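# Notes for the structure review
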Amino acid sequence: MKSCIASAPSSTANLGPGYDVFGLALDALEDTVKITKVAGKEGRINIEMESEVVIPSDPHSNSVGLVVRKMAREFGITDNLDVHVKKGVPAGYGMGSSAASAAAAAVAFNRLYSLKIRKETLVEYAAEGEIASAGAKHYDNVSASLIGGFVISNINQETTVPEFVRIDPPKDLVLVVCVPSVPVPAKKTEVARMVLPKEVPLRSVVYNVSGASTVVAGFALKDVEIIAKGINDVIVEPARKHLIPGYDSVRRNALEAGALAVTISGAGPSMIAFLKTSKKAKKVAAAMAAGFKEAGAESRTYTCKPSDGARVTS
Ligand code: HSE
């Protein structure tokens with residue numbers, strides 16, 4: 001095989017109280033990565049980005065480059081490689097953009113070299129790509145984008161390798177993601193992580209554990225209403241909301257229009273609403289867009305469903 005193409009979906013992370021732990025793959029958008037072996041064995045990686053916005057293509061700082069370099073190093077592969085990345089997920093808006101590219105790259109590399117690595121293990125390689133945008137590895141977006149569905153990252157034991165548990169989301173779960181057209185800093189996730197408190201009161205931890213447990217119970221029981229009842233974050237969201245123009249009005253409007261829960265999608269600035277069935281989706285999408293508009297921002301909305309994970313397309 002000389003080349004391989006793989007695609008990976010957008011995702012939302014945190015889902016309220018599950019900071020760095022919960023991820024949900026979304027069928028709104030996807031990234032596609034093609035890796036081609038070319039002449040020479042100097043280990044040269046040439047990345048070409050096909051994207052609406054300029055994304056650095058240096059393999060030492062690009063999320064796909066970090067993944068491919070790590071996998072090549074680990075498996076002793078020195079082929080020169082051309083990598084073409086087609087961005088569908090907008091970079092820097094909280095829809096798992098770098099994770100989608102990283103997940104697609106890991107899956108394409110795995111197949112190109114017949115490494116037969118299971119997806120749960122590929123997450124560790126794909127997470128390498130998150131260093132490019134977040135400055136640190138975190139698994140929530142990459143695990144969802146790779147494995148699909150709702151994924152819990154078990155990073156509970158810092159000394160052991162993380163493990164990932166997938167739960168199939170309820171069939172009636174519908175999401176509305178509203179993406180504001182506001183400027184975001186180059187390393188937005190890193191910036192959004194810097195505003196977080198280093199220490200939190202035990203009471204807040206108790207609230208978030210309660211909410212997170214309720215979210216997991218909702219997914220396990222396939223009950224959207226239970227999921228929505230758990231989506232309340234008293235630690236991360238209050239520290240970040242000032243980074244999102246219109247946060248309060250988007251949230252209020254969506255709830256008034258019939259959303260069961262609303263939260264920041266990943267590190268923002270997109271907001272995501274949780275609904276049972278698509279009946280109210282149009283109304284919720286318009287209400288969220290009106291909320292951003294009140295703060296002077298245009299926005300794009302995506303009504304979507306949970307998605308399967310990354311896949312080889314050819
Ligand atoms: N858990 C990460 C964060 C997700 O909130 O910083 C980034 O998309």
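Since the model is a prediction, treat every value here as computed from it, not as a measurement. (Residues numbered from 1 in each chain as written. Predicted model: local features only at pLDDT ≥ 70, side-chain atom pairs only at ≥ 80, totals over all residues. Heavy atoms only, no water.)

### Side note on the side chain of Glu130
- Relative to the helices and strands, Glu130 is located in helix α4 (residues 130-134).
- Arg193 is the oppositely charged side chain nearest to the buried, salt-bridge-free Glu130, at an N-O distance of 7.8 Å.
- At 2.6 Å, the side chain of Glu130 forms a polar contact with the side chain of Ser98. (Helix = DSSP H or I, 4+ residues; strand = E, 2+ residues; numbered from the N terminus. Buried < 20%, exposed > 50% of the residue type's maximum accessible area, 1.4 Å probe, protein only. Lys, Arg positive; Asp, Glu negative; His and termini not counted. Salt bridge = Lys/Arg side-chain N within 4 Å of Asp/Glu carboxyl O. Polar contact = N/O pair within 3.5 Å; in protein donor to acceptor, adjacent residues only side chain to side chain.)

### Section: the packing of helix α3 (residues 119-127) against helix α5 (residues 140-147)
- Taken N-terminus to C-terminus, the directions of α3 and α5 make an angle of 135°; their axes are 9 Å apart at the nearest point. The pairing of α3 with α5 is recorded here as oblique in orientation. Regarding α3 and α5, the two cross each other, and that crossing is right-handed. Touching Lys119, Glu120, Leu122, Val123, Ala126 and Ala127 of α3 are Val142, Ser143, Leu146 and Ile147, all from α5.
- A breakdown of the residues in the contact of α3 with α5 according to their chemical character gives seven nonpolar, one polar and two charged. (Axes fitted to C-alpha atoms, helices over the stretch in contact; angles between N-to-C directions. Parallel < 35°, antiparallel > 145°, perpendicular 65-115°, else oblique. Left-handed = near helix turned anticlockwise from the far one by under 90°. Contact = heavy atoms within 4.5 Å. Nonpolar A, V, L, I, M, F, W, Y, C, P; charged D, E, K, R; others polar.)

### Structural notes on the side chain of Lys188
- Inspection of the secondary structure assignment puts Lys188 in helix α6 (residues 188-194).
- Despite its burial, Lys188 remains without a salt bridge, the nearest opposite charge being carried by Glu130 at 9.2 Å.
- For Lys188, the residues in contact, after removing those within four places along its chain, are Gly92, Tyr93, Gly94, Ser133, Ala267, Gly268 and Pro269.

### Considerations on the packing of helix α2 (residues 97-112) against α5
- Here α2 crosses α5 at 50°, and the two axes come no closer than 8 Å. If you check the angle between α2 and α5, you find them oblique. Here α2 runs over α5; the crossing is right-handed. Residues Ala99, Ala100, Ala102, Ala103 and Val107 of α2 touch α5, and the partners they reach there are Asn141, Val142, Ser145 and Leu146.
- Looking at the contact of α2 with α5, its residues break down into seven nonpolar, two polar and no charged.

### Side note on the nonpolar core
- By size, the foremost hydrophobic cluster in this structure holds 40 residues, and its most contacted members are Ile35 and Phe109.
- Formed by 28 residues, the second largest nonpolar core is a distinct cluster that contains Met95, Ile152, Ala228 and Cys304. (Core = buried A, V, L, I, M, F, W, Y, C linked by side-chain atoms within 4.5 Å.)

### Here's the deal with the pattern of salt bridges
- All chains considered together, the criterion is met by 14 salt bridges.
- Between Arg311 and Glu30 there is a salt bridge; the shortest N-O distance is 3.3 Å. Here the residue Arg311 occupies a position in strand β11 (residues 311-312), and Glu30 occupies one in strand β2 (residues 22-38), the gap between them amounting to 281 residues.
- Taking the relative accessible area as the measure of exposure, Arg311 reaches 42% and is therefore partly exposed.
- In this structure, Arg118 engages Glu120 in a salt bridge whose closest nitrogen and oxygen atoms are separated by 3.8 Å.
- Assessed through its relative accessible area of 54%, Arg118 is described here as exposed.
- With a relative accessible area of 27%, Glu120 lands in the partly exposed category.
- Taken together, the shared-partner salt bridges in this structure form one network comprising Glu124, Glu128 and Lys137.

### Overview of the site of the ligand
- Around the ligand sit Ala13, Asn14, Tyr19, Asp20, His138, Asp140, Asn141, Thr189, Arg193, Arg240, Gly266 and Ala267, and that is every residue in its neighbourhood.
- The side chain of Arg193 places a nitrogen or oxygen atom 2.8 Å from an oxygen atom of the ligand.
- In this structure, an oxygen atom belonging to the ligand sits 2.8 Å away from a side-chain N or O atom of Arg240.
- Looking at the shell around the ligand, the elements that each hand over two or more residues are α5 and α6.
- Here the shell around the ligand is built from residues that sort into three nonpolar, five polar and four charged.
- Residue assignment places the shell around the ligand across two domains, with domain 1 (3-168) and domain 2 (173-304) each supplying three or more. (Near = heavy atom within 4 Å. Domains from an automatic or database assignment.)

### Let's talk about the environment of Ala239
- Within the element layout of this structure, Ala239 appears in helix α9 (residues 236-240).
- Taking the relative accessible area as the measure of exposure, Ala239 reaches 16% and is therefore buried.
- Separated by 46 residues in sequence, Ala239 and Arg193 have C-alpha atoms that sit 9.6 Å apart.

### Topic: unusual backbone geometry
- In this model, Gly268 is joined to Pro269 through a cis peptide bond whose omega is 5°.
- Take Pro269: it is sitting in the loop between β8 (261-264) and β9 (271-276).
- Even without being glycine, Leu15 reaches a positive phi, approximately 45°.
- Counting through the fold element by element, Leu15 comes out in the loop between β1 (3-13) and β2.
- Unlike most non-glycine residues, Ser114 shows phi in positive territory, near 45°.
- Position of Ser114 relative to the elements: it lies in the loop between α2 and α3.

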